[in-house]
Amino acid sequence: MGNSITRQIPNSITCCNLIAGCMATGAAFYGNYGWAVLLIVIGAVFDFFDGMVARLLRVSSPIGKELDSLADVVTFGVAPAAMIFHLFHEVVYPDFMLPIRRFMPYTAFLMAAFSALRLAKFNLDARQTTSFIGLPTPANALFWGSLIVGNYSFLVSEKFNAFFLFLFMLLFCFLLVAEIPLFALKFKDLSWKANKIKYIFIVTSVPMIVFLGYSCFAAIIAWYIILSLFTHKNPS
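Residues numbered from 1 in each chain as written. Predicted model: local features only at pLDDT ≥ 70, side-chain atom pairs only at ≥ 80, totals over all residues. Heavy atoms only, no water.

In this structure, Phe88, Met111, Leu135 and Trp144 are the most contacted members of the largest nonpolar core, which totals 55 residues. Ranked by the residues each element gives to this core, the list is headed by helix α3 (residues 62-88), at nine residues. (Core = buried A, V, L, I, M, F, W, Y, C linked by side-chain atoms within 4.5 Å. Buried < 20%, exposed > 50% of the residue type's maximum accessible area, 1.4 Å probe, protein only. Helix = DSSP H or I, 4+ residues; strand = E, 2+ residues; numbered from the N terminus.)

Written as structure tokens, this is what we have:
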């Protein structure tokens, strides 16, 4: 009986991730961006601990793996897509887009589809044990949440518009599934030589956290992508 209960603990944590993602999606549809981001972060915490607990208890299962991917699609795919969906209703539309204005918000769910594809590729890709190929879905979700909450007044101003939002969304859909190596913050040892890029990333991210407020995660993830691209082309 005890062993049966133990086996369900990681799956229960994963379900908490799923519930947080559903709540984040609901908040996003009502335009409560701050609550949506908070719930995405809570979901990310549950996502971090479910795998750790499964390994500690040695109760990993195929069902747990499938459930984890399903929860991640909702929390890190559907929820940010819902935020973009609502934002499409609020941004300025240039004249040439006015005839399709009523349809544009639904393009936001491309983000959910590409997030699901990213997760499916990750589950089958043996190359992604020590690094990532393409942008991880939690990083993408945090980027959009931070961007919208931290820069809302700019995004709905005359300086920005629906066309730019659409292009920016397509760029991140591409980054989710692109064959672009991105480093992971995993340390086999603490040496400078083996972890130079990781240390540079951590140190340079601190000022962003201090000075950029709610926009810090968007800036940090953009810097993470740029640094990964630069170090991939210049591995020295």
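Below, the discussion takes up the side chain of Thr25. Secondary-structure assignment places Thr25 in helix α1 (residues 2-29). For Thr25, a relative accessible area of 8% puts it in the buried group. Apart from residues no more than four positions distant in its own chain, Thr25 is found in contact with Val74, Val78, Ala79 and Ala82. (Contact = heavy atoms within 4.5 Å.)

So, on to the side chain of Ser115. If you trace the backbone, Ser115 turns up in helix α4 (residues 110-124). Since its relative accessible area comes to 0%, Ser115 is described here as buried. Not counting the four nearest positions on each side in its chain, Ser115 is found in contact with Phe76, Gly77, Thr137, Asn140 and Leu176.

For the rest of this paragraph, the subject is the pattern of salt bridges. For the structure shown, the criterion picks out one salt bridge. For the salt bridge of Lys121 with Glu179, the shortest nitrogen-to-oxygen distance reads 3.4 Å. Separated by 58 residues along the polypeptide, Lys121 in helix α4 and Glu179 in the loop between α7 (162-177) and β2 (181-183) bring together distant segments of the chain. In this structure Lys121 comes out as partly exposed when scored by relative accessible area, which is 29%. (Salt bridge = Lys/Arg side-chain N within 4 Å of Asp/Glu carboxyl O.)

Take helix α5 (residues 137-150) next. Helix length check: α5 (14 residues) gives 20 Å between terminal C-alpha atoms against 20 Å at 1.5 Å per residue, within 8%. For α5, the set of buried residues is Thr137, Ala139, Asn140, Ala141, Phe143, Trp144, Gly145, Ser146, Leu147 and Ile148. (Expected span 1.5 Å × (residues − 1).)

Summed over all chains, the structure comprises 20 aromatic pairs. A centroid spacing of 5.8 Å and a plane angle of 50° characterise the contact between Phe154 and Phe160, whose relative ring orientation is tilted. Judged by relative accessible area, Phe154 falls into the partly exposed class, the value being 39%. What makes Phe160 buried here is its relative accessible area of 11%. For the ring pair Phe183 and Tyr224, a centre distance of 4.9 Å and an interplane angle of 80° mean the geometry is edge-to-face. Linking Phe183 in strand β2 with Tyr224 in helix α9 (residues 216-233), this pair joins segments that are 41 residues apart in sequence. For Phe183, a relative accessible area of 12% gives the class buried. Cluster of aromatic residues (ring-pair linked, three or more members): Phe96, Phe154, Phe160, Phe163 and Phe164. (Phe/Tyr/Trp six-rings, centres within 6.5 Å; stacked < 30°, edge-to-face > 60°.)

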